[in-house]
Amino acid sequence: MVVAVLLALAGTIAAIALGGDDEEQAAGVTDVPSVTAPTSPTGTTGLSTGPTGPTGSTGATGSSNPGCSGTTAPATLADGTYFGFLESIDVGSGVSGFDLACFYTGDEANEQAAARGDEVPVPNDVYIVNTPSTRDVLVDPAVELLLIDWNACCETSPGAELDAFASALGEQDFVEIDGFRYAGGLSPYWITIEEGRIVAIEEQFLP
């Protein structure tokens, strides 16, 4: 899946209503919190470069997520690839808490922002629409993790461990475990579901 995102300026990401009552998105809710993107750990440079989206084969954006086009998102996600926020992973039970969101870029990002009275053009050419609405999704024990080691920003790479990643998700800060530096709950992620289980997790780089 390839998502083209131009990352020219550092800034924050707008976060607006989607979840709980998905019809709120079409109505353009304006009273919303903001989501701050991860920033580089001390000594890391080059945040305006690096990956701007997943490197998988689907090429979808978060705007193709159910609930992003005015329809109500289902309680159970069908097999496919989705954008959102991983709130937790219980390695013992295999249950994750996944918060579905919408990821817009380019003209679509500006259109979505303008409809809600937010800044246009949007910072970093990215606009995320989200209101927390967590779904329980099983994680395959052999899930493929393509995460950014923030000690060597900013390409996704293998090397992350599920136990460590699950631990890092509980933190709103960078966490280094066994030499791999995780952004944990700071980053959004793309998940791929097959046969009802998450088989791949890829971190979305944000400036």
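The following paragraphs examine the structure supplied in this document. (Residues numbered from 1 in each chain as written. Predicted model: local features only at pLDDT ≥ 70, side-chain atom pairs only at ≥ 80, totals over all residues. Heavy atoms only, no water.)

## Things to note about the pattern of salt bridges
Here comes step 1: For the structure on display, the rule yields one salt bridge.
Here comes step 2: Among the ionic pairs, Glu176 bridges to Arg181, the shortest N-O distance being 3.8 Å.
Here comes step 3: The partly exposed category is assigned to Glu176, whose relative accessible area is 47%.
Here comes step 4: Relative accessible area serves as the criterion here: at 23%, Arg181 is assigned to the partly exposed category. (Salt bridge = Lys/Arg side-chain N within 4 Å of Asp/Glu carboxyl O. Buried < 20%, exposed > 50% of the residue type's maximum accessible area, 1.4 Å probe, protein only.)

## Notes on the packing of aromatic side chains
Here comes step 1: Per the counting criterion, the structure on display carries nine aromatic pairs.
Here comes step 2: For the ring pair Phe103 and Trp190, a centre distance of 5.8 Å and an interplane angle of 70° mean the geometry is edge-to-face. Of this pair, Phe103 sits in strand S5 (residues 102-105) while Trp190 sits in strand S11 (residues 189-194), and the two are 87 residues apart along the sequence. Judged on exposure class, the residue Phe103 and its partner Trp190 are both buried.
Here comes step 3: Ring-pair connections join several aromatic residues into one group, and the members of that group are Phe83, Phe85, Phe103 and Trp190. (Phe/Tyr/Trp six-rings, centres within 6.5 Å; stacked < 30°, edge-to-face > 60°. Helix = DSSP H or I, 4+ residues; strand = E, 2+ residues; numbered from the N terminus.)

## Focus: the environment of Gly179
Here comes step 1: With respect to the helices and strands, the residue Gly179 is situated in the loop between strand S9 (175-177) and strand S10 (180-182).
Here comes step 2: When the C-alpha positions of Gly179 and Ala160 are compared, they lie 9.6 Å apart, and in sequence the two are 19 residues distant.
Here comes step 3: Apart from residues lying up to four places away in sequence, Gly179 is in contact with Asp149 and Asn151. (Contact = heavy atoms within 4.5 Å.)

## Section: the nonpolar core
Here comes step 1: Membership of the largest hydrophobic core comes to 27 residues, with the highest contact counts inside it found for Leu147, Phe165 and Ile201.
Here comes step 2: Looking at this core element by element, the count peaks at six residues for helix H3 (residues 162-169).
Here comes step 3: Not counting chain neighbours up to four residues away, the residues in contact with Ile201 comprise Leu86, Ile89, Val143, Glu144, Leu145, Leu146, Leu147, Phe165, Tyr189, Trp190 and Ile191. (Core = buried A, V, L, I, M, F, W, Y, C linked by side-chain atoms within 4.5 Å.)

## Focus: the environment of Asp99
Here comes step 1: Within the secondary structure layout, Asp99 lies in strand S4 (residues 95-100).
Here comes step 2: Given the relative accessible area of 2%, Asp99 is considered buried.
Here comes step 3: For the pair formed by Asp99 and Thr131, sequence separation is 32 residues and the distance between their alpha carbons is 8.3 Å.
Here comes step 4: Those residues in contact with Asp99 that lie beyond four places of it in its chain are Phe83, Gly84, Phe85, Glu87, Asn130, Thr131, Pro132, Ser133 and Thr134.
Here comes step 5: A distance of 3.1 Å separates a polar atom in the side chain of Asp99 from the backbone nitrogen of Ser133. (Polar contact = N/O pair within 3.5 Å; in protein donor to acceptor, adjacent residues only side chain to side chain.)

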